[in-house]
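Observations on the three-dimensional arrangement
So you can see what is in the structure, the chains are spelled out below.
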Amino acid sequence: VPWYVELARAVVGTAVVFSGVAIIAAMFGVLLERKISGWIQSRLGPKHVGPQGLLQTIADTIKLLQKEHIVPRHADTKIFATAVLVVPLAALLDYVVIPFGTTRWGPLIFRDLNIGVLYFAATSSLVVVGILMAGWGSNNKYALLGGLRSAAQMVSYEIPMGLALITVALLAGSLSTVTIVNAQRHLWFGVAQPVAFLIFLIAATAEVNRVPFDLVEAESELVAGYFSEYSGMRFALFQLGEYGEMFAMAGMAVTLFLGGWRGPILPPVLWFVIKLYALIFVFMWVRWTLPRFRIDQLLGFSWKVLIPVSLVNLVVTAFVLMVVRP
Amino acid sequence: VTGEAIAFYVLAGAMLASGVVVVTSPNIVHSAVALVPAFLGVTGLYILLHAEFVAGVQVLIYAGAITVLILFVIMLTQGGTGLQFPERNEQGVIGFAVAVALAAMLAVGVTHTAWGRGGGTLPAYTPGAIGQSFLGPNLLLFEGTSVVLLVSLIGAIIIARKEE
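Residues numbered from 1 in each chain as written. Chains lettered and ligands numbered in written order. Predicted model: local features only at pLDDT ≥ 70, side-chain atom pairs only at ≥ 80, totals over all residues. Heavy atoms only, no water.

Here's the deal with the overall build of chain A
A tally of helices and strands in chain A yields 13 helices and two strands. In summary, chain A has a C-alpha radius of gyration of 20 Å against a globular reference of 20 Å for 326 residues, a match within 12%. Here the C-alpha coordinates of chain A stretch approximately 65 × 50 × 45 Å along the principal axes. By the burial criterion, 52% of the 326 residues in chain A qualify as buried. When contacts within chain A are restricted to residue pairs at least 6 apart in sequence, long-range pairs at least 24 apart make up 76% of them. Element-wise, carbon and sulfur atoms account for 71% of the exposed surface of chain A, whose accessible area totals about 14,800 Å². The average position of the 23 basic charges and that of the 17 acidic charges among the side chains of chain A differ by 6 Å. (Helix = DSSP H or I, 4+ residues; strand = E, 2+ residues; numbered from the N terminus. Rg over C-alpha atoms; globule rule 2.2 N^0.38 Å. Buried < 20%, exposed > 50% of the residue type's maximum accessible area, 1.4 Å probe, protein only. Contact = heavy atoms within 4.5 Å. Areas by Shrake-Rupley, 256 points an atom, 1.4 Å probe, with all protein chains shown as cover. Lys, Arg positive; Asp, Glu negative; His and termini not counted. Charge placed at Lys NZ, Arg CZ, Asp CG, Glu CD.)

See below:
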């Protein structure tokens, strides 16, 4: 393939993924979050804009687009403005290795990298750079505290997540996401590896800074944490990054543990979407059910519980694979 | 001009530009953040060389972890702002001279090397081959590195617990 075709494909792919994430993950995700939180709290949620409040987020986005950009005095303007780009960009990069389904011409994936899982871990670790930049650039103590907390939290939870990823890679014998989905032909890895699945879900909740791990933006302590000072479309881009990252994590969990696009009768893409939204629902259910941790409990839980458990799980898996079932 | 050459020059330009910001910026946080495009540029070069595993590790460790570590240290040590001690490079002339000398030596070295072309073919699945090499011919190096990492882990724990 000539290089300009590759380049054109990359540009078109980026545009498609960006609009897909913006519409499906961010706009629909926010609506779903508000509806589900409403139902859990015995409310109705948004109801007035469009049928059953379906157009509420579109109205909100249009409102945010028109708002003024406010930059705090003494803020570091360059860092303040760049941070907005880093967070959604890092979230978008995750989607390169997620297989959404399969067609007659092969799996529906942007690029089946042979380091897929490693790539996912690498790009999701870039988000924290953007969060730290936002926290520091705002020149606001709450934002800075939020940024520092996020760095501590995301670095701590990357380790159990990485160990869970390695466990799955061991079972499949590959880092490629398509190979991992194909290896679940007979048994989902979520069934074969419930411990790794649980660890991945907990670490994913922490990586996307959601309750019970949302110390980064705990509104009762830090206003809105690292994005306290952002207004208008910049605020919306942070939301986009956050929801994009959450959908990417859920998509990766489906790929690694729930058999990806595999399922009977229904078309593969539909299976993927059903599993994806089931996991998104679990994330939202957890968010509106559990209270928030304290920061020391949060870090202690990762280092003293999750990391030892995932290390033991990894060793046991390797032992079973090599010795018991060679 | 091939696509690879264009990609190389674009990446090299981006890396040079961010490198200049890293060494000249008076604001240490700007320097730290400007490291990210430089690291990502190196990642791009690895991808051009079909070293995908190394590229993934480069992003994970350098762009993801090392940058965060540097930013974290700056924010914890300088009152959270990183602006208490503006960076003034008092050795600019010496540094520039050293850099020019190094660049000249590299240029001479690069032009006088007979590049070993066609050294072999890539395995179909590079991560597996890298693992085999770590636990095969390069086992001693691998174990040596793990001892170094263990020592630094224990050292970090000892330093962190000193107050008790």
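Let's talk about the nonpolar core
All names here are of chain A. In this structure, Tyr157, Phe200, Met246, Leu256, Phe257 and Leu279 are the most contacted members of the largest nonpolar core, which totals 64 residues. Breaking this core down by element, the ones donating at least two residues are helix 1 (3–40), helix 4 (116–124), helix 6 (141–172), helix 7 (177–183), helix 9 (194–207), helix 11 (232–257), helix 12 (268–287) and helix 13 (295–324). Broken down by element, the residue count for this core peaks at 12 residues, all from helix 11. Other than its neighbours up to four places away in sequence, Phe200 contacts Phe120, Met161, Ala164, Leu165, Met249, Met252, Ala253, Leu256 and Phe257. (Core = buried A, V, L, I, M, F, W, Y, C linked by side-chain atoms within 4.5 Å.)

Details of the side chain of Gln184 of chain A
Following the sequence through the fold, Gln184 of chain A ends up in the loop between helix 7 and helix 8 (189–192). The contact partners of Gln184 of chain A, leaving out residues within four places of it in the chain, are Phe189, Thr255, Leu256, Phe257, Leu258, Gly259 and Arg262 of chain A.

Structural notes on the interface of chain A and chain B
Each side of the interface is counted separately: chain A has 23 residues, and chain B has 30 residues. Roughly 2,200 Å² is buried in total at the junction of chain A and chain B, and carbon and sulfur atoms are behind 78% of that figure. When residues of chain A are sorted by the area they lose upon contact with chain B, Trp3, Asn114 and Trp136 of chain A head the list and together hold 26% of the total. Joining chain A to chain B, the criterion identifies zero salt bridges. Secondary structure elements with two or more residues in the side of chain A that touches chain B: helix 4, helix 5 (127–137) and helix 6 of chain A. (Buried area = accessible area lost by both parts, 1.4 Å probe. Salt bridge = Lys/Arg side-chain N within 4 Å of Asp/Glu carboxyl O.)

Things to note about the confidence of the model for chain A
Detailed reading of the predicted coordinates is not advisable wherever pLDDT falls low. Summary statistics for chain A give a mean pLDDT of 83 and a share of 99% for residues scoring 70 or more. Across chain A, the secondary-structure element scoring lowest on mean pLDDT is helix 10 (residues 219–222) of chain A, at 72, and the one scoring highest is helix 9 of chain A, at 88. (pLDDT = per-residue confidence, 0-100.)

A look at the pattern of salt bridges
Residues and elements named next belong to chain A. One pass over the structure, following the stated rule, counts two salt bridges over all chains. Salt-bridge contacts for Arg287 lead to Glu33; the nearest nitrogen and oxygen are separated by 3.6 Å. In this pair, Arg287 sits in helix 12 while Glu33 sits in helix 1, placing the two residues 254 residues apart along the sequence. Judged by its relative accessible area of 25%, Arg287 falls in the partly exposed class. Linking Asp60 and Arg34 is a salt bridge whose minimum nitrogen-to-oxygen distance equals 3.1 Å. Of this pair, Asp60 sits in helix 2 (residues 56–66) while Arg34 sits in helix 1, and the two are 26 residues apart along the sequence. Its relative accessible area of 33% is what places Arg34 among the partly exposed residues.

Observations regarding the packing of helix 9 of chain A against helix 13 of chain A
Residues and elements named next belong to chain A. It is the contact of helix 9 with helix 13, at a shortest axis distance of 10 Å, that shows an interaxial angle of 150°. For the element pair helix 9 / helix 13, the angle class is roughly antiparallel. Where helix 9 crosses over helix 13, the two elements pack in a sense that is left-handed. Contacts from Val195, Ala196, Ile199 and Ile202 of helix 9 reach helix 13 at Phe301, Leu306, Val309, Ser310 and Asn313. (Axes fitted to C-alpha atoms, helices over the stretch in contact; angles between N-to-C directions. Parallel < 35°, antiparallel > 145°, perpendicular 65-115°, else oblique. Left-handed = near helix turned anticlockwise from the far one by under 90°.)

Some remarks on the packing of aromatic side chains
Centre distance and the angle of the planes are the two values used to describe a pair of aromatic rings. Residues and elements named next belong to chain A. Following the criterion strictly, the structure yields 11 aromatic pairs over all chains and no others. Between the aromatic rings of Phe100 and Phe272, the centroid separation amounts to 5.6 Å while the plane-to-plane angle is 80°, which identifies the pairing as edge-to-face. One end of the pair, Phe100, is in the loop between helix 3 (77–93) and strand 1 (102–103); the other, Phe272, is in helix 12, with 172 residues separating them in the sequence. Seen in terms of ring centroids, Phe197 and Phe257 are 5.0 Å apart; in terms of plane orientation they differ by 35°. Their pairing is tilted. On the criterion of sequence distance, the pair formed by Phe197 in helix 9 and Phe257 in helix 11 is long-range, its members being 60 residues apart. Across this residue pair, the class does not change: Phe197 and Phe257 are buried. (Phe/Tyr/Trp six-rings, centres within 6.5 Å; stacked < 30°, edge-to-face > 60°.)

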